[in-house]
Amino acid sequence: MNINDYIKANWVLFKQIYNDDIVLDAVRKEINSDSKKLIKYSEALLDGKWSKLEGMPPLFILSTLAISLKPVFDKFIKMGFSESVFYDTMSDVKIWGEDYRTHHNGDIGVTEINWLQLHFSCQIFKIGRLQYQISKYYFEKSTEYNGVTLKYGDRCYNIHIPRGAKLDSVSCKKSITLAIDTLEDIFRDIQTDIMMCHSWLLSPYNQKFVAPNSNIAKFAKMFKIVGESDEVEQHFRWIFDIREDNKIFAKCKKKNGYYYNLENFTPKTSLQAAAKNYIMAGGELSVGKGLIDTKDIIG
């Protein structure tokens, strides 16, 4: 396949993933300006050398992703995934593209190549509401849960929660059930009885400001919390949309982790208001490490 045909094959997929004319026009111009250089970086990405893209202009990174889709699509299908799983998985490209656009005055591109490289190396899959990453157990040296023992380094699935739809328990349970059916057929050497999740959504402190009948609370109850970490920046990122690169975090002497002074922050949602009141009153935060017994979900 010559270069033009290869780019066209990728473009068909990118148009379905990122159906925005302004973005498509910008990426098309970037590809036309230096397709050979982009293909070189695309080959590096697909060869696992994604770090070469770190520090490159955001539009260049997005354009590289745009012309790297066809080989990944072919691999998804060969592995046994449906086309819908491929498109759902790659919807993260648009999610992070729009995130960059929102926080950079409408500029077009992406910067989260350290995250999106998982999608292009076929290590993460969105099946229903949730994402499932092929990972290794890293919470403790060894953990026994409901008759299953996970040792440090054992292969298992790490659940991630992409932005978008509501995090209702029905959708989550449906996703887990479908994921087990799908993943067990494709990766027979990875157990699906116990999965892990490392997220601010699982912080035990959340119950002090989150409504007990909320989707966040219901999601957390699905997991057994086996540990915590102090990456509390996650709360500020996902609740308040405050980022580390704003350089406004400060190490809190009385708490673990880096906190942001919310005194002048104006809440726009009830969750932001409740979380702000809790933090301003001296409340602590954490990131929860949880395990879920999928047999409890699928029955």
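The shown structure was predicted, so the numbers you read here are calculated from the model rather than taken from an experiment.

### A look at the packing of helix α3 (residues 35-46) against helix α4 (residues 58-66)
Put simply, α3 and α4 touch, their axes get as near as 9 Å, and they point 70° apart. By the angle class used here, α3 and α4 are roughly perpendicular. Listed contacts from α4 to K37, L38, Y41, S42 and L45 of α3 are F60, S63, T64 and L65.

### Some words on helix α2 (residues 21-33)
Counted at 1.5 Å a residue, the expected span for α2 with its 13 residues is 18 Å, and the 18 Å between its end C-alpha atoms agrees. Elements in contact with the buried residues of α2: α1 (3-17), α3, α4 and α6 (83-103). The opening residue of α2, the one whose side-chain oxygen lies 3.0 Å from the backbone nitrogen of I22, is D20.

### As for the pattern of salt bridges
Counted under the stated rule, the structure contains eleven salt bridges. One salt bridge connects R237 with D99, and the closest N-O pair in it is separated by 3.6 Å. Of the two residues, R237 sits in helix α10 (residues 233-238) while D99 sits in helix α6, which places them 138 residues apart along the sequence. Taken together, the shared-partner salt bridges connect D20, E98 and R101 into one network.

### Section: the state of the cysteines
Counting across every chain of the model gives zero disulfides. With no disulfide of its own, C122 lies 19 Å from the sulfur of C156, the closest cysteine sulfur. What makes C122 buried here is its relative accessible area of 6%. Take C197: it sits in no disulfide, and the sulfur closest to it among the cysteines is that of C172, at 9.7 Å.

Reading the values: the criteria
Residues numbered from 1 in each chain as written. Predicted model: local features only at pLDDT ≥ 70, side-chain atom pairs only at ≥ 80, totals over all residues. Heavy atoms only, no water. Axes fitted to C-alpha atoms, helices over the stretch in contact; angles between N-to-C directions. Helix = DSSP H or I, 4+ residues; strand = E, 2+ residues; numbered from the N terminus. Parallel < 35°, antiparallel > 145°, perpendicular 65-115°, else oblique. Contact = heavy atoms within 4.5 Å. Expected span 1.5 Å × (residues − 1). Polar contact = N/O pair within 3.5 Å; in protein donor to acceptor, adjacent residues only side chain to side chain. Salt bridge = Lys/Arg side-chain N within 4 Å of Asp/Glu carboxyl O. Disulfide = S-S within 2.5 Å. Buried < 20%, exposed > 50% of the residue type's maximum accessible area, 1.4 Å probe, protein only.

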